[in-house]
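Close look at the chain arrangement
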Amino acid sequence: AQKVTQAQTEISVVEKEDVTLDCVYETRDTTYYLFWYKQPPSGELVFLIRRNSFDEQNEISGRYSWNFQKSTSSFNFTITASQVVDSAVYFCALQDYGGSQGNLIFGKGTKLSVKP
Amino acid sequence: EPEVTQTPSHQVTQMGQEVILRCVPISNHLYFYWYRQILGQKVEFLVSFYNNEISEKSEIFDDQFSVERPDGSNFTLKIRSTKLEDSAMYFCASSEWQRNTEAFFGQGTRLTVV
């Protein structure tokens, strides 16, 4: 069965601190895709990144970086020098290849609060 | 930048009433989805739609739910007889391809059943 676990329910940091959000996934498929979405207080879901299971290269985009490790089934997200505008709920999601018709399986989300 | 739009942003309805949530997906997208998020909880898949038919649905999507693409642009979710537990944020999403592509989400419709 497919499952996404975000063990950190809430994290609170002070501005300029680095913070890592953990994501662990389970799937029987060898081909799958991983995503991160951001949900700011306004409520919409904003796409951040997509990764396929064959690409374990880490990615950096400005202050954001992602560490994909198949050996530990993890796809962690790090925000460097956090800012107040980073305050949001962050969701990790899994899309498998074999069984699904494209639907995303979300984790429960991690609420990040960045204080000035 | 193209976006998914949903109307209304907030709907209050009485238990037992029918509601229709509307979505306009991104115009060149072929795959459409509805997701639900009960307050403070995770986002859950309801249904996917392609080529004018349902391609997959979750166990949440029971007989009281239906989806339709009544014309070339709208994609609707109908809840026939609302229950208190249907209160949630409903997100519409669309994607260009089925997999390995990001789904773009609308702003959501907050449904409150009283």
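For the structure, check the block above.
Each chain carries its own residue numbering, running from 1 in the direction its sequence is written. The lettering of chains begins at A and the numbering of ligands begins at 1, in the order of writing. Residues qualify for local features only when their pLDDT is at least 70, as the model is predicted, and side-chain atom pairs are given and counted only at 80 or more; totals for whole chains, interfaces and linings, by contrast, use all residues. Only hydrogens and water are removed before side-chain values are computed, so all heavy atoms of the structure are retained for them.

**Brief notes about unusual backbone geometry**
What counts here: A run of DSSP states H or I qualifies as a helix once it reaches four residues; a run of E qualifies as a strand once it reaches two. Both are numbered from the N-terminal end.
Along the chain, T7(B) connects to P8(B) via a cis peptide bond; the corresponding omega equals -10°. Among the structural elements, P8(B) can be located in the loop between β1 (5-7) and β2 (10-13). Here the phi dihedral of A81(A) falls at roughly 50°; this positive angle occurs in a residue that is not glycine. Within the secondary structure, A81(A) sits in the loop between β9 (74-79) and β10 (88-96). Phi at N51(B) takes a positive value of approximately 55°, unusual for a residue other than glycine. In this fold, N51(B) is placed in the loop between β5 (43-50) and β6 (53-57).

**A closer look at the nonpolar core**
Selection criterion: Here, nonpolar core refers to any group of buried Ala, Val, Leu, Ile, Met, Phe, Trp, Tyr and Cys residues whose side-chain atoms link them within 4.5 Å. For every residue, the accessible area obtained with a 1.4 Å probe (protein chains only) is divided by the maximum for its type, and the residue is called buried under 20%, exposed over 50%, and partly exposed between those limits.
W36(A), F77(A), Y90(A) and L112(A) are the most contacted members of the largest nonpolar core, which has 24 residues in total. At the level of elements, β2 (10-14), β3 (19-21), β5 (32-39), β8 (64-69), β9, β10 and β12 (110-115) of chain A are the ones that each hand at least two residues to this core. For this core, the element with the highest residue contribution is β10(A), accounting for four residues. Counting 22 residues, the second-largest nonpolar core is a separate cluster that includes L46(B), F61(B), V67(B) and L111(B).

**Section: the interface of chain A and chain B**
The following threshold applies: Only heavy atoms enter the contact rule, under which two residues are in contact if any of them lie within 4.5 Å. By definition, the buried area sums, over both parts, the 1.4 Å-probe accessible area that each loses when the two are put together. One side-chain nitrogen of Lys or Arg within 4 Å of one carboxyl oxygen of Asp or Glu is enough to make a salt bridge.
Every contact between the two is made by 24 residues of chain A and, on the other side, 20 residues of chain B. With both sides pooled, the region where chain A packs onto chain B buries about 1900 Å², and carbon together with sulfur makes up 52% of that total. Put simply, chain A and chain B have one salt bridge between them. R50(A) serves as the salt-bridge partner of E102(B), at 2.3 Å between the closest nitrogen and oxygen.

**Considering the environment of D22(A)**
All names here are of chain A. Mapped onto the secondary structure, D22 falls in the loop between β3 and β4 (24-26). Classification of D22 by relative accessible area gives partly exposed; the value is 31%. A sequence separation of 52 residues divides D22 from S74, and the C-alpha atoms of the two residues are 7.4 Å apart. Residues within four places of D22 in sequence aside, it is in contact with T5, Q6, Q8, W36 and N76.

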